[in-house]
Amino acid sequence: MSVSSPSVFLLSVSGQVEAGRFMGGDNLHFNYCFTAGQDWEVVSGLEECVSQTACCSDDERQLFVWNFPIDITYKSTNPFGWPQIILSVYGTDFFGNIVIVGYAACHVPLTPGTHTRRLKTFVPESASTIQKLMSWLTGRRPEFLNPKIIAQGRGREDLTDKGEGR
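Residues numbered from 1 in each chain as written. Predicted model: local features only at pLDDT ≥ 70, side-chain atom pairs only at ≥ 80, totals over all residues. Heavy atoms only, no water.

The name an unreviewed UniProt entry assigns to the chain is B9 domain-containing protein 1, from the organism Scylla paramamosain. Under Subcellular location (unreviewed entry), UniProt gives the following word-for-word description of the chain: "Cytoplasm, Cytoskeleton, Cilium basal body". (UniProt positions renumbered as here; feature names shortened; annotations may be inferred.)

Structure below.
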């Protein structure tokens, strides 16, 4: 009796991060990383990468254009933990420090074909007034040590919006 290996399926992601619109700032770049469940394995491509720096366009659209390519292939035996891409956008503040401008995440589309995603970014805020003051004095904004946390279910209760108008 022969033992057969489990069947696998491949997921190929090919595309680009085209552009972004951000208020204020100039010279932005982003880091992207993918996260997936434990049954997923990268077969080829880059799981993490840093883009080039883009300047804000001079036209009325005020876009930062990257046209940065993404190409990765996964194999898996189980669709649980479908891959997500996480973007971390960085710029410089008035002190010249590189600071976070926004985070965003989305699942890789489930169906083949051409897809366009428009992602809204968010920035974490300091938890207390003292931390806000220290952040302002030092020029360091709060940011995640591991940005993959925004794509996980566990531990996100601390990231929920606690302000009005939820």
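Before going further, it helps to spend a moment on the overall build of the chain. Along the chain, the regular secondary structure elements total one helix and seven strands. Start at the N end of the chain and walk to the C end: the helices and strands fall as β-β-β-β-β-β-β-α. Every one of the 166 residues in the chain was classed for burial, and the buried ones make up 33%. Relative to all contacts within the chain whose residues are 6 or more apart in sequence, the contacts with residues 24 or more apart total 65%. Just so you have it, the chain exposes about 11,600 Å², and 53% of that area is on carbon and sulfur atoms. (Helix = DSSP H or I, 4+ residues; strand = E, 2+ residues; numbered from the N terminus. Buried < 20%, exposed > 50% of the residue type's maximum accessible area, 1.4 Å probe, protein only. Contact = heavy atoms within 4.5 Å. Areas by Shrake-Rupley, 256 points an atom, 1.4 Å probe, with all protein chains shown as cover.)

Within the chain, N27 stands out as a residue other than glycine whose phi angle is a positive 55 degrees. Residue placement: N27 occurs in the loop between β1 (9-20) and β2 (29-35). We classify N27 as partly exposed; its relative accessible area is 37%.

What follows deals with the sheet that holds β2. Read across the sheet, four strands follow the order β4-β2-β6-β7 without closing on themselves; strand pairing throughout is antiparallel. At either end of the open sheet lies a strand with only one pairing partner, and these are β4 (48-50) and β7 (98-107). Here the strands of the sheet are splayed against their neighbours by 15 degrees on average, with no regard to which way each runs. The sheet contact formed by β2 and strand β6 (residues 84-92) spans seven bridges and is antiparallel. Each residue of the ladder has a partner; that of C33, found in β6, is I86. (Pairing = 2+ DSSP bridges. Axes fitted to C-alpha atoms, helices over the stretch in contact; angles between N-to-C directions.)

A grouping of F94, F95, I130, L133, M134, W136 and L137 is seen on the molecular surface, where their side chains present a nonpolar patch of about 870 Å² in accessible area. Secondary-structure assignment places F95 in the loop between β6 and β7. Residue classification places F95 among the partly exposed positions, given a relative accessible area of 46%. (Patch = residues over 30% accessible without salt bridge, like charges linked within 9 Å, V, L, I, M, F, W, Y side chains within 5 Å. Salt bridge = Lys/Arg side-chain N within 4 Å of Asp/Glu carboxyl O.)

The subject of this paragraph is the sheet that holds strand β3 (residues 41-45). Strand pairing within a sheet occurs via backbone hydrogen bonds; the two strands may be parallel or antiparallel. Pairing is antiparallel across the open sheet formed by three strands, whose spatial order is β1-β5-β3. Looking along the sheet, the strands with just one partner apiece sit at the ends: β1 and β3. The mean angle between the axes of side-by-side strands here comes to 30 degrees, regardless of whether they run parallel or antiparallel. Where β1 lies against strand β5 (residues 64-76), 11 bridges are found, and the strand directions are antiparallel. Along β5, the bridge assignment pairs S14 with D71.

Attention now goes to the side chain of D93. Mapping D93 onto the fold places it in the loop between β6 and β7. Residue D93 is classed as buried on the basis of its relative accessible area, which comes to 14%. Polar side-chain contacts of D93 include one of 2.8 Å to the backbone nitrogen of N97. In this view, D93 contacts V99 and G139; residues no more than four positions away in its chain are not counted. (Polar contact = N/O pair within 3.5 Å; in protein donor to acceptor, adjacent residues only side chain to side chain.)

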